[in-house]
Amino acid sequence: MTINAPAQTVLSSYAQGKWQAPDAPENIAQVLDANTGELITQVSSDGIDTAGMVDYARTVGQRSLGELTTHERALKLKELAQYLNGRKEELYKVSFRTGATQRDHYIDTDGGISTLFVFSSKGRREMPNSNVIIDGKTEVLSRDGSFLGTHIYQRIPGVAVQINAFNFPVWGFLEKFSPSFIAGVPTIVKPATSTGYVTEAVVRMMLESGILPEGSLQLLSGSARDLLDHLDYRDHVAFTGSLSTANTLRSHDSVLNGGVRFTAEADSLNAAILGPDATEGTEEFDAFVKAVFVEMTTKTGQKCTAIRRVIVPESIKEPFITALSTRLTDKVSVGASDAEGSTMGPLASKEQQQDVAKATRQLIDAGGKLRLGGPDQIDQYDASGAFFPATILEFDDADTHAVHNVEAFGPVTSVIGYDGTPAEAVRLAALGGGSLVATVASDDEAYVAETTLGISAHHGRLHVLNRDTAKTSTGHGSPMPHLVHGGPGRAGGGEELGGVRAVKHYMQRSSLQGSPDMLTAITGVWHQGAKANTVTRQMVDDGAGEHPFRKSLETLRIGDQFASELRTVTLDDILDFAEETGDKFYAHTDEEAAMANPFFPRRVAHGYLLVSWAAGLFVDAAPGPVLANYGLENLSFITPVTYDDAIRVTLTAKQITPRVTDEYGEVRWDAVLHNQNDEIVATYDVLTLVTKTWPEQYA
Ligand code: NDP
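Residues numbered from 1 in each chain as written. Predicted model: local features only at pLDDT ≥ 70, side-chain atom pairs only at ≥ 80, totals over all residues. Heavy atoms only, no water.

A. Quick peek at the packing of helix α9 (residues 283-297) against helix α10 (residues 314-331). Orientation of α9 relative to α10, taken along the N-to-C sense of each, is 50°, at an axis distance of 10 Å. Of the possible angle classes, the one that applies to α9 and α10 is oblique. By crossing handedness, the relation of α9 to α10 is classed as right-handed. On α10, the residues touching F285, F288, V289, K290, V292, F293, M296 and T297 of α9 are I316, P319, F320, A323, L324, R327, L328 and K331. Its residues assigned to classes, the contact of α9 with α10 shows 12 nonpolar, 1 polar and 3 charged. (Axes fitted to C-alpha atoms, helices over the stretch in contact; angles between N-to-C directions. Helix = DSSP H or I, 4+ residues; strand = E, 2+ residues; numbered from the N terminus. Parallel < 35°, antiparallel > 145°, perpendicular 65-115°, else oblique. Left-handed = near helix turned anticlockwise from the far one by under 90°. Contact = heavy atoms within 4.5 Å. Nonpolar A, V, L, I, M, F, W, Y, C, P; charged D, E, K, R; others polar.)

Encoded structure:
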């Protein structure tokens, strides 16, 4: 709705480092309390300099975020999460006005904060502490190894614009902010007008925390106006909302011709499928009823992931509808979101109430039989609020077009029957034209495997429910920060979350070709064939070189290398190792059998013997800055070693990652074992923890 209103009552934007009220606004939307209809605030973005915001993000925001490393930014997310945790009661208070109940706040507010925590932890554990990330293995492109290829990720040089839906004003913002912030890309968030005052409250808190680097976050309250006009291929737009708006934005000139990276998460008619084994009385049946109940009532059904289509075997349809209806009747009490005893609040606005009523009537007109609730019951509630009853529609014809195409974005679900075969379940689920998520509930592994694999290409996420997960599942409708969220087709074709995958959505992957030295200089990671600072045992003993294990992170450099002498393997060594470890596999102990094996010339040394010996060959035994060996990665045995062969090891500091919060860091060492003929025997990475200084901190 558009009215003229005094500017001082209008929600502010945070643009170019300042809170700004709209200038002489002409277009102002009134935002009302979903429970009472009282005016909360008015919203307009008129006069806010959107071009200036984009420029500020690309300059000030990019610069300040670029001064930090991945781990430093990830750590800031944790600090933000801790800060917001301390103020979440304030956020709950504001959010009640959107119609969200306390249970809903746990999903939106607490869910948003926990997303910050998860990304902080994943960013520090799974990403290097660097602004260049190597993707995959090095490719050797010339015979002599002088020309290599690899892939690198670097942040995009623009701004991450979020255009969000009304239903998750906190989580919807923070789930997009977390990965873009770790990537080092500044954000402009444009929340939905109807609940943007909650996002404004979170943004205000985040700024008050003093944790955010300058320019890393801006807020546009109100219409997006001409924001997209100022974007180009350097920028990213992540949209959540209706399919029609997604399509409008997707055909914007900046996306079509300007190259803006665009991802959408739109309408989705998510299915829940019950297997034929899950008859009344089974744990799967009960868990399924509960799952549908939760999805209908949480956030009053205003979740992009809610279950809109329930697909149950014809023979279980009636018991299912009865059980669901009984549960809803017994447990749902519709009322003001903060009222004692109320378990389901209103929809977010009167407009939303009208939209849901309209869509439900469309479904009824298409053949839906009302088994519970329905739009005519709206009259029984306080007319000032946007209340809507839990509504079940039953369809006789499972192919009814509306069931698979009309989304009533509220506490409404359609139930259809099928013949219990995976093929039919898959066919019906696919009529949704691409969805965010589907649940398959059954304890029959063959049925679950066939159905799940059949629908997987139509869905972004698959949730399998049976007696083993009934109590532990995080739920059909909860996207997890660790796992991908999004879906093909109608669901928007986008992808969010998924741990570090989401961070990479805000980065450009480039392939890089050059010499080992150049690739090392560019990436900061030592590449095979690059120059090395080599020391031998003799040099160490003579005082002519320092063993890399004597160096703390202060002095250790990538390319620091230790090259061991050769050590000969005898038959007794192999047999003793077999005896001691109990690994008497025939290739080590039975000459005839070993020779009959196509891979071995005769009895060979155990791979683990060689790796153990390699440690003995490269180690510097005295107490020093190396604190621990915490693993080996990418171990491959290439050439077998038989008795009378000899091995040597070359160990090179490959990657050094100081930890932001600790007095030590991680050092990845490139280890290569050769035999006496200079053939490669084995390759792997040794992972160690090394102190930042030595010996001062222990003195
Ligand atoms: P909209 O698509 O209308 O709005 C989503 C966001 O897009 C809002 O921030 C909105 O801003 C903004 N927007 C709308 N038009 C434009 C435009 N031309 N240029 C730039 N931004 C624009 O969805 P609603 O939130 O109104 O919900 C409508 C329906 O969408 C729901 O009933 C439901 O079917 C579906 N939906 C899907 C969700 C999902 O997660 N997949 C979530 C929520 C809704 P403003 O609010 O200022 O108009």
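B. Quick peek at the nonpolar core. In this structure, F173, F177 and M206 are the most contacted members of the largest nonpolar core, which totals 48 residues. Sorting the residues of this core by element identifies α2 (70-86), α4 (102-126), α5 (171-183), α6 (196-208), β10 (217-219) and α15 (500-504) as the ones contributing at least two each. Once you skip the residues sitting within four places of it in the chain, F173 turns out to touch Q162, N164, F168, V189, T199, V202, V203, M206 and L217. With 32 residues, the next largest nonpolar core counts V540, L609, L651 and V686 among its residues. (Core = buried A, V, L, I, M, F, W, Y, C linked by side-chain atoms within 4.5 Å. Buried < 20%, exposed > 50% of the residue type's maximum accessible area, 1.4 Å probe, protein only.)

C. Structural view of helix α3 (residues 88-95). For α3, every residue scored as buried is listed here: K88, L91, Y92 and S95. Take α3 and look down its axis: the buried residues cluster within an arc of 105°, on one side only. Facing away from the buried side of α3 by over 90 degrees, the exposed positions are E89 and K93. Of the surrounding elements, those touching the buried residues of α3 are α2, α4 and α6. (Arc of directions from axis to C-beta.)

D. View of the side chain of H459. For H459, the location among the structural elements is in strand β19 (residues 459-465). Side-chain polar atoms of H459 contact the backbone oxygen of I455, separated by 2.9 Å. Aside from chain neighbours lying at most four places away, what touches H459 is A429, S435, L436, V437, A438 and P488. (Polar contact = N/O pair within 3.5 Å; in protein donor to acceptor, adjacent residues only side chain to side chain.)

E. Inspection of the pairing of strand β11 (residues 236-240) at higher detail. Of all 5 residues in β11, 5 are buried, a share of seventy percent or more. Side chains of β11 alternate between two faces, with H236, A238 and T240 and V237 and F239 buried alike. Pairing of strand β8 (residues 160-163) with β11 involves 4 bridges; the strand directions are parallel. For I163, the partnering residue across the bridge sits in β11 and is F239. Of the strand pairs in this sheet, β11 and strand β12 (residues 261-265) are connected by 5 bridges, and their pairing is parallel. (Pairing = 2+ DSSP bridges.)

F. Examining the site of the ligand more closely. Around the ligand, the structure places 23 residues, and the nearest of them are N164, T193, S242, T245 and E407. T193 has a polar side-chain atom sitting 2.5 Å from an oxygen atom of the ligand. In the model, an oxygen atom of the ligand is placed 2.6 Å from a nitrogen or oxygen of the E407 side chain. Protein coverage of the free-state accessible area of the ligand, which is 870 Å², stands at 76%. Secondary structure elements with two or more residues in the shell around the ligand: β11 and α7 (243-250). Here the residues of the shell around the ligand sort into 11 nonpolar, 8 polar and 4 charged. (Near = heavy atom within 4 Å. Areas by Shrake-Rupley, 256 points an atom, 1.4 Å probe, with all protein chains shown as cover.)

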